[in-house]
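Secondary and tertiary structure notes
Letter by letter, the chains look like this.
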Amino acid sequence: QVKLVESGGGLVQPGGSLRLSCAASGSRFSIRAMGWYRQAPGKQRELVAAITTSGRTNYADSAKCRFTISIDNAKNTGYLQMNSLKPEDTANYYCNAQGFALTVHWYDSWGQGTQVTVSS
């Protein structure tokens, strides 16, 4: 089993920045792709950004030019740098990782989420 732990959420003013982290841990696993999703109250969970370990990225239109996803393969940690934050970015942000693990062959894991609140 691969466990994901997010951190870095919090309260920030409009226009501010936050950096989310997602640390993956487990026994004998590798990451093939990592993504950040968010869910606001009363709304469906939506993809914010995703990255493969080969460096291919995908961004939601709302995240383009403001957010940057990255992954440190050596640390098994992914990041989401969020700049120029807006109140509509307020949501619980979830990390997802997919890849191979010795015990289960293929895994698709989710973190517990970290709250991001953009408000003055």
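Residues numbered from 1 in each chain as written. Predicted model: local features only at pLDDT ≥ 70, side-chain atom pairs only at ≥ 80, totals over all residues. Heavy atoms only, no water.

Brief notes about the sheet that holds strand β7 (residues 67-72)
Pairing is antiparallel in the open sheet, where four strands are placed in the order β1-β3-β8-β7. Each having just a single partner strand, β1 (3-7) and β7 make up the two edges of the open sheet. Averaged over all pairs of adjacent strands, the angle between strand axes in this sheet comes to 15°, irrespective of strand direction. Note: β7 against strand β8 (residues 77-82), six bridges, orientation antiparallel. Counterpart to S70 in the pairing with β8 is Y79. (Pairing = 2+ DSSP bridges. Helix = DSSP H or I, 4+ residues; strand = E, 2+ residues; numbered from the N terminus. Axes fitted to C-alpha atoms, helices over the stretch in contact; angles between N-to-C directions.)

Examining the state of the cysteines
Applying the stated criterion across every chain yields a total of one disulfide. There is a disulfide in this structure between C22 and C95, and the S-S distance comes to 2.0 Å. Because the sign of the S-S torsion sets the handedness, a value of about -80° for the bond joining C22 and C95 places this disulfide among the left-handed ones. One end of the pair, C22, is in strand β3 (residues 18-25); the other, C95, is in strand β9 (residues 91-101), and 73 residues separate them in sequence. Exposure remark for C22: the relative accessible area of 0% places this residue in the buried category. (Disulfide = S-S within 2.5 Å. Buried < 20%, exposed > 50% of the residue type's maximum accessible area, 1.4 Å probe, protein only.)

Some points on the pairing of β9
A large share of β9 lies buried, amounting to nine of its 11 residues. By the bridge criterion, three bridges tie β9 to strand β11 (residues 114-118) in an arrangement that is antiparallel. The residue of β11 that forms the bridge with Y93 is T114. With six bridges connecting them, β9 and strand β10 (residues 105-110) associate as antiparallel partners. Directly across from N96, in β10, lies its bridge partner W110. Here β9 folds back onto β10, and the loop between the two strands holds three residues.

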